[in-house]
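Residue-level structural notes
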Amino acid sequence: MYLKSLVLKGFKSFADRSALSMEPGITAIVGPNGSGKSNISDAVLWVLGERNAKHLRGASMEDVIFAGSSARKATGLAEVELVLDNSDGKLPVEFDEVSIARRMYRTGESEYLINGSLARRMDVLDILHDSGLGTGTHSIISQGSLDSILQSKPEDRRALIEEAAGVLKHKQRKAKSERK
Ligand code: ATP
Ligand code: MG
């Protein structure tokens, strides 16, 4: 499984539709300060279901919508689509490509689409559950979080190791079934 493409429209500094395509292996995004590199990783987090605006470096979720510039007015909608290559069948769906999209309007309404069909956030999380990708995992490490991992308490570091070993998902499932 790998990230195949990312399309942003009205997301943070990406007012116009911007598409990035990636190959297997390492992709580096380079650019001057403030050019939108971190906004791209924010877009990946967001489309995978992030709900905490602070994790997206904003004060409120509305901050993901293009806020306007001297040259153009704000947009009313933020949209991100992420296409994952699933030819190795790592994701539990019968498609070689999985498209996950999220839209959010200024009114606060948010919707998800999986391969073009409306879906719930829960469906997105379910698809990603065993993949190691998604919110709450360490597949996306921000500039600041690396320092905090290195300085974390042993029990917090244990949680990280449990996630890497695949134990965490079972703990989460157990906690979820106990809540029911
Ligand atoms: P650095 O190299 O300093 O880490 P970067 O390339 O990671 O920079 P980002 O943090 O991705 O840069 O982008 C910051 C830019 O995005 C700022 O100019 C900011 O004004 C703009 N930006 C963030 N949110 C919005 C928004 N909702 N609407 C318009 N522009 C936005
Ligand atoms: Mg940055």
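Residues numbered from 1 in each chain as written. Chains lettered and ligands numbered in written order. Predicted model: local features only at pLDDT ≥ 70, side-chain atom pairs only at ≥ 80, totals over all residues.

1. Looking at the overall build of the chain
For the chain, the helix and strand inventory stands at 5 helices and 6 strands. Counted from the first residue to the last, the chain has its helices and strands arranged as β-β-α-β-β-β-β-α-α-α-α. In terms of C-alpha radius of gyration, the chain reaches 17 Å, essentially the compact-globule figure of 16 Å for 180 residues. With respect to the three principal axes, the spread of C-alpha positions in the chain is 50 × 40 × 40 Å. Split into buried and exposed, the 180 residues of the chain put 21% on the buried side. Of the contacts made within the chain by residues no fewer than 6 positions apart, 51% connect residues no fewer than 24 positions apart. (Helix = DSSP H or I, 4+ residues; strand = E, 2+ residues; numbered from the N terminus. Rg over C-alpha atoms; globule rule 2.2 N^0.38 Å. Buried ≥ 20, exposed ≤ 12 C-beta atoms within 10 Å, placed from the backbone. Contact = placed C-beta atoms within 7 Å.)

2. Some thoughts on the UniProt feature "binding site: ATP" (unreviewed entry) in the chain
Taking the UniProt record as the reference, the feature "binding site: ATP" (unreviewed entry) is found at Pro-32, Asn-33, Gly-34, Ser-35, Gly-36, Lys-37, Ser-38 and Asn-39. Using a count of 7 C-beta atoms within 10 Å as the deciding quantity, one classes Pro-32 as exposed. Relative to the helices and strands, Gly-36 resides in the loop between β2 (18–21) and α1 (37–47). Ignoring anything within four residues of it in the chain, the contact list for Gly-36 reads Lys-12, Ser-13, Phe-14 and Gly-31. (UniProt positions renumbered as here; feature names shortened; annotations may be inferred.)

3. A word on α1
Along α1, the residues that are buried comprise Ile-40, Asp-42, Ala-43, Trp-46 and Val-47. Angular distribution of buried residues about the axis of α1 spans 160°; they occupy a single face of the element. Those residues of α1 that are buried lie in contact with β1 (2–9), β3 (77–85) and β4 (97–105). At the exit of α1 stands Gly-49, carrying a positive phi of roughly 115°. (Arc of directions from axis to C-beta.)

4. Brief notes about the site of ligand 1
Asn-33, Lys-37, Ser-38, Asn-39 and Ala-67 are the nearest of the 14 residues found near ligand 1. Of the residues assigned to the shell around ligand 1, the class counts are 3 nonpolar, 8 polar and 3 charged. (Near = placed C-beta within 6 Å. Nonpolar A, V, L, I, M, F, W, Y, C, P; charged D, E, K, R; others polar.)

5. Here's the deal with the domain arrangement of the chain
Under the domain assignment, the chain is made up of domain 1 (2–133) and domain 2 (144–180). Computed over C-alpha atoms, the centres of domain 1 and domain 2 are 24 Å apart. (Domains from an automatic or database assignment.)

6. Digging into helix α5 (residues 168–179)
Relative to the 16 Å expected for 12 residues at 1.5 Å per residue, α5 spans 17 Å between its end C-alpha atoms, a close match to the ideal helical length. For α5, the tally of buried residues reaches only 0 of 12 residues, placing the bulk of the element at the surface. (Expected span 1.5 Å × (residues − 1).)

7. Looking at the environment of Thr-75
In this structure, Thr-75 sits in the loop between α1 and β3. Of the residues examined, Thr-75 has 19 C-beta atoms within 10 Å and is grouped as partly exposed. Each C-alpha atom, one on Thr-75 and one on Ala-119, is 24 Å from the other, the two residues being 44 residues apart in sequence. Discounting chain neighbours no more than four positions away, the residues touching Thr-75 are Gly-10, Ala-15, Ile-65 and Phe-66.

8. Description of the sheet that holds strand β5 (residues 110–114)
Pairing within the open sheet is antiparallel, and its 6 strands lie in the order β2-β1-β3-β4-β5-β6. Edge positions in the sheet fall to β2 and β6 (117–119), since each has one partner strand and no second. Within the sheet, the average angular offset between the axes of one strand and its neighbour, ignoring direction, is 20°. With 9 bridges joining them, β3 and β4 adopt antiparallel strand pairing. Bridge pairing in β4 places Leu-84 opposite Val-98. The sheet contacts of α1 involve β1, β3 and β4, and relative to β3 the element is tilted by about 80°. (Pairing = 2+ DSSP bridges. Axes fitted to C-alpha atoms, helices over the stretch in contact; angles between N-to-C directions.)

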